[in-house]
Every structure is written in structure tokens, then in C-alpha cells.
Amino acid sequence: MIVPKFIEDRVWAGSEASLKQVLADQDIRAARIAAGTYTPREEEDRPSRLLEVEDGVAVLSISGPLVNDDDALWNQMTGKTGYPEIQAALVEAAMDPEVKHVLLNIDSGGGQVSGVEDTGNLIRQVQQVKPVTTYSGGNMYSAAYWLGSTAGEVHAAKGTGVGSIGVIATHMEQSERLKMDGIGVTVIRAGKYKALTNSVEKLSDEGKAIIEADVQAAYKDFVNHVADSRGKSYEYTDTVMAQGREFRGQAAVEVGLVDSITTFDAVVSNIKEKLMDTSKSFMDNRGKQSTALRVETHGDGNSMPKKTLTEADIAALAAGASLDASASNAQPADEPKDDAAVKPEVSAELEKDEAEGEKAEVKAESKVEEKVDASASTLKFMADQLKAAQDELFAARLALSKLEDKHADLAAVVGPLKDIAAKAINNMRVALNSSPMDFSALGASQILADHTAMAANFESKFKVGGVAAVEVAVEGKKKPANPQHMARVNAARHSK
């Protein structure tokens with residue numbers, strides 16, 4: 001059974017909100033495991049949930065708080081991503097012969113420092129075999145940028161928040177709360193600095209210094225990693241890009257955090273266009289990849305992909321990428337060593353044969369060139385057709401995404417409106433001396449029809465405006481005059 005890894009380290013490369021979320025999720029999981037309502041399960045040998053491969057591009061999605069936890073099920077349920085999951089997906093993409101390019105699709109506010117350095121180093125190792133690109137359409141802060149900056153190219157959307165290169169640490173001291181609960185704790189240590197930062201006694205100056213040293217060390221590692229990945233000096237990275245600063249849009253490009261402001265579809269399209277390029281540089285690169293992505297073959301002839309990808313594996317793959325052409329450059333062993341010793345008649349025959357051979361070679365080369373030209377033309381036509389089809393597919397996906405968003409918005413509104421209409425119907429039924437009904441099983445259109453019919457019946461019995469309108473109308477009418485009063489008024493007029 002998988003033993004869950006709990007957050008015990010103090011140093012966090014992410015927002016305080018993400019840390020609180022992870023700690024809360026951790027407590028919930030611990031309680032559910034103790035109650036027997038949740039059991040971490042062993043992951044079977046299945047494709048990574050983070051990876052999606054299409055047309056040679058492996059999109060590796062990294063979202064939510066980042067944790068050094070391999071409980072993929074719980075991570076998925078709570079919206080987190082584990083570094084072990086990212087590492088497994090990178091290995092899977094590196095060893096998949098169908099994958100030609102890896103795209104890190106990041107939307108994360110950061111996470112644990114523990115585990116991020118190893119994951120970043122693995123991204124660098126994979127780049128020795130296949131190119132890696134980063135794109136962020138949401139946020140790419142702190143530990144998430146630590147990973148994203150490692151790629152060869154880094155792109156972001158116009159509104160993407162990038163950076164927050166910094167490290168925080170929190171120390172929750174609970175001695176006063178324990179004291180109020182009547183719990184006394186005595187700490188006995190052997191070793192002056194042993195567990196000085198525990199939560200059951202007040203934090204001493206020495207303990208605070210230990211935490212500060214950890215934070216500063218992690219920060220220096222972070223800045224060094226980004227500086228090396230982005231081709232900047234440590235001083236520039238520290239003073240301009242880091243110190244916890246957050247950048248958005250073009251500002252991130254200007255300081256060097258990202259290479260361009262673009263869209264996800266544009267990045268994917270550009271990658272696929274490069275993969276379709278038939279230039280020599282592409283062919284050489286493709287040859288290296290295909291050579292590097294060999295799998296072990298056992299005696300039964302079945303191919304078995306490796307389960308791990310160590311630094312030694314990456315180095316071996318990269319070193320074996322070039323083809324050995326020594327055999328094709330070997331010289332014939334039976335060449336004549338002394339041209340003067342060849343007889344004249346033999347020499348003439350040889351010259352004749354050589355001339356005829358050269359003519360045949362020229363004809364053969366001409367035919368080969370014609371076939372190559374025809375193949376290139378056909379390949380270009382197919383590439384153009386493929387690009388057009390891909391553009392149509394991207395457009396269709398974009399339209400589908402908009403429709404899905406619209407459907408989600410409507411679904412969020414229909415439910416509350418159904419409840420309001422059902423309540424109104426039952427109120428009118430009660431007013432009409434009928435019993436309330438349960439409308440939970442009816443659809444929105446049926447409830448609307450019932451509301452329309454009930455409203456007509458209600459308005460036929462209770463006129464619009466009700467009693468108040470009748471009273472107002474009565475008050476607005478002119479009251480009849482008193483006959484005696486009118487006689488006195490007339491008499492007074494004639495007397496004058």
C-alpha cells in the first residue's frame with residue numbers, strides 16, 4: 001500500500017493560500033485514512049493522467065499546488081500535482097517513440113521546494129533527447145516557474161502572472177493553545193539544535209536562525225536555477241527578475257522571464273510546423289531522437305520499454321544519437337598498389353570501363369534526383385494539406401470550447417431558476433386552494449409550461465394590483481355632493 005507523504009518541511013515556494021490549501025487537504029486525507037473511508041492505492045502501469053500526446057507533441061499539464069506526493073488519486077481529487085507524477089510523465093514522454101516534442105502546460109501558483117529541484121533537473125535531462133517548451137495561460141509563480149523556466153522556450157498568455165521567484169517559511173507555534181487546553185509538553189533533547197523549530201515550544205532565536213538559513217539557501221538555489229536556465233547572471237536575476245516580484249504580460253518578456261506573449265494554439269501550431277520541416281537540421285534532429293528512443297528487446301522478440309530514466313540513461317541515449325558511418329567509409333582491400341605495373345592494354349580496358357561506369361553513374365544519379373524532386377513535391381503538398389487540416393481542427397476545438405463555456409454558464413443559471421419557478425408555482429397553487437407539488441423530477445421546459453398555465457389561472461382570479469389597486473381606484477373617484485349643502489350654496493349665490 002502507498003504510504004502518503006505529509007508536508008513536514010518548512011520551506012515553501014508558493015503562495016500562502018496554496019500552502020493553507022495543501023495543509024487542509026493533508027488533514028482531511030489523514031482523517032479519512034484513519035476513519036477507513038479512503039485508502040491510497042498503488043498506481044498500475046498505465047499512461048500518466050498528466051500527459052496527452054497528439055501529432056508528435058506530448059502536452060504535460062501541471063496545475064494547482066505542487067507537492068512532493070505520489071498519491072495521484074488524492075492529488076487529482078484535490079486539484080494538486082505531485083512532482084513524482086511529473087517525473088513519471090517526463091519519463092513516459094522521453095521513452096515514447098511517437099513523441100517528438102514535450103510541451104509543459106502550466107497553471108500553478110507554486111508549491112513545495114522539496115522535490116522541485118529534482119524535477120527541474122529531469123526536464124533538463126529530457127531536453128538532451130527531445131526539445132521541451134513551456135506555456136502558461138493562467139499563472140506560473142514560484143516553484144511552477146522554477147519548472148517552467150527550465151524549458152528551452154517559455155511562452156505565456158497576455159494576462160498570465162509570471163515570476164514570484166522567492167521562498168517563504170511558516171512556523172506555527174501551538175504552546176499557548178496546548179496550555180489553554182490543559183496540555184503540558186516537555187521537550188527533552190540530546191543535541192543543542194535538535195528540533196529547535198518544533199511547534200510545541202516557543203521559537204527561540206537559534207530556531208528562527210535555522211529557518212532563515214533554510215529559506216536563504218533555497219532562494220539561492222532557485223535564483224541560480226533560473227539564471228542558468230534563462231541565460232542571465234545571478235546578479236541580474238536576483239535584482240531584476242527575483243525578490244518575489246510578480247510580472248504580467250509584456251512586462252515578463254521585458255525582464256526575460258518569458259520569450260513571447262502568445263496563445264496556446266499558436267505555440268502548438270508552431271511546434272507542429274517545426275516537426276513537419278524537411279530541412280537537413282530537422283532530419284538530423286529526428287534521426288537523433290529515433291536513435292535515442294530505443295527500447296530493450298528480450299529473447300522473445302517483444303519490446304519492453306524501460307521503467308526508469310536515470311541520468312546515466314539520458315547520457316547514454318544522447319551519446320548514442322549519432323550514427324556510426326565508419327563502415328561506409330572503409331576502403332577496398334584489393335586496390336592496385338603500383339599503377340606503373342599495370343600493362344598498357346589492361347590500362348586501356350580499365351579506362352574504358354571507368355568511362356562507361358561514370359556515364360552509368362551520371363544516369364543513375366539523374367534518375368535519383370528526379371525521384372527526389374517528385375518526392376519532395378509530393379511531401380510539400382501533403383504537408384500543406386496536413387497544415388490546413390490542423391488549422392481547421394484548431395478552429396473547431398476553439399468553437400467547441402466556447403460552446404462548452406456557454407453551456408456551463410447556462411447550466412449554472414438553469415438550476416436556480418427552476419427552483420424559483422417551482423416555488424412560485426406552489427405559492428400560486430396554495431393561493432388557489434391546491435396542494436403543493438414536487439417539481440424536482442421535471443425538466444426546465446416542463447416547469448416553465450406549468451408556471452405559465454398556473455399564472456394564467458392565478459391572474460384570472462386575482463386581478464393584477466389586488467386589493468390595493470381597488471382601494472386606490474375608489475379613492476380616485478369623485479364623491480357625490482350633499483343635496484342640502486348644494487342648496488345652501490345656490491341660495492348664497494342668488495342672494496348676491
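Shown above is the structure to which this text applies.
Computed from a predicted model, the values in this text were never measured in an experiment.

**Q** Before we go on, may I ask you to explain the pattern of salt bridges in this structure?
**A** A side chain with one charge may pair with a side chain of the opposite charge, provided their charged atoms come close. Inspection of every chain in the model, using the stated rule, returns six salt bridges. Its salt-bridge partner being Lys272, residue Glu54 comes within 3.4 Å of it at the nearest N-O pair. Taken together, the positions of Glu54 in strand 2 (residues 51–54) and Lys272 in helix 10 (residues 264–276) put the pair 218 residues apart, joining distant regions of the chain. Put simply, Asp55 and Lys272 hold a salt bridge, and the shortest N to O gap is 3.1 Å.

**Q** Would you mind showing me how to read the pairing of strand 9 (residues 153–156) here?
**A** Note on strand geometry: in a regular strand, side chains alternate between the two faces of the sheet. Bridge analysis of strand 8 (residues 132–141) against strand 9 gives four bridges, and the strand direction is parallel. Paired with Tyr135 across the strands is His155, a residue of strand 9. At this point the chain moves from strand 8, through helix 5 (residues 143–148), to the parallel strand 9, and the crossover so formed is right-handed. Pairing of strand 9 with strand 13 (residues 260–261), which is carried by two bridges, proceeds in the parallel orientation. Across the sheet, His155 pairs through a bridge with Ser260, a residue of strand 13.

**Q** Sorry if this is basic, but what is going on with the packing of helix 7 (residues 205–230) against helix 8 (residues 234–241) here?
**A** At a closest axis distance of 9 Å, the pairing of helix 7 and helix 8 adopts a crossing angle of 110°. When the axis of helix 7 is compared with that of helix 8, the two are roughly perpendicular. In this structure, helix 7 uses Tyr219, Lys220, Val223, Asn224, Val226, Ala227 and Arg230 to contact helix 8, whose residues at the interface are Tyr234, Thr237, Asp238 and Met241. For the contact of helix 7 with helix 8, a count of residues per class yields six nonpolar, two polar and three charged.

**Q** Mind showing me how you'd approach the nonpolar core here?
**A** Soluble globular proteins: nonpolar side chains tend toward being buried together. Residues Leu60, Ile165 and Leu257 are the most contacted members of the largest nonpolar core, which totals 52 residues. With eight residues, helix 3 (residues 83–95) is the largest single contributor of residues to this core. Contacts of Leu60, omitting those with residues within four sequence positions, involve Leu50, Leu51, Ile86, Ala89, Leu90, Leu103, Leu104 and Asn105.

What counts, and where the lines are drawn
Residues numbered from 1 in each chain as written. Predicted model: local features only at pLDDT ≥ 70, side-chain atom pairs only at ≥ 80, totals over all residues. Heavy atoms only, no water. Salt bridge = Lys/Arg side-chain N within 4 Å of Asp/Glu carboxyl O. Helix = DSSP H or I, 4+ residues; strand = E, 2+ residues; numbered from the N terminus. Pairing = 2+ DSSP bridges. Right-handed = clockwise from strand over helix to strand, strands pointing away. Axes fitted to C-alpha atoms, helices over the stretch in contact; angles between N-to-C directions. Parallel < 35°, antiparallel > 145°, perpendicular 65-115°, else oblique. Contact = heavy atoms within 4.5 Å. Nonpolar A, V, L, I, M, F, W, Y, C, P; charged D, E, K, R; others polar. Core = buried A, V, L, I, M, F, W, Y, C linked by side-chain atoms within 4.5 Å. Buried < 20%, exposed > 50% of the residue type's maximum accessible area, 1.4 Å probe, protein only.

Honestly, that's just the spatial picture; any functional story needs more than this.
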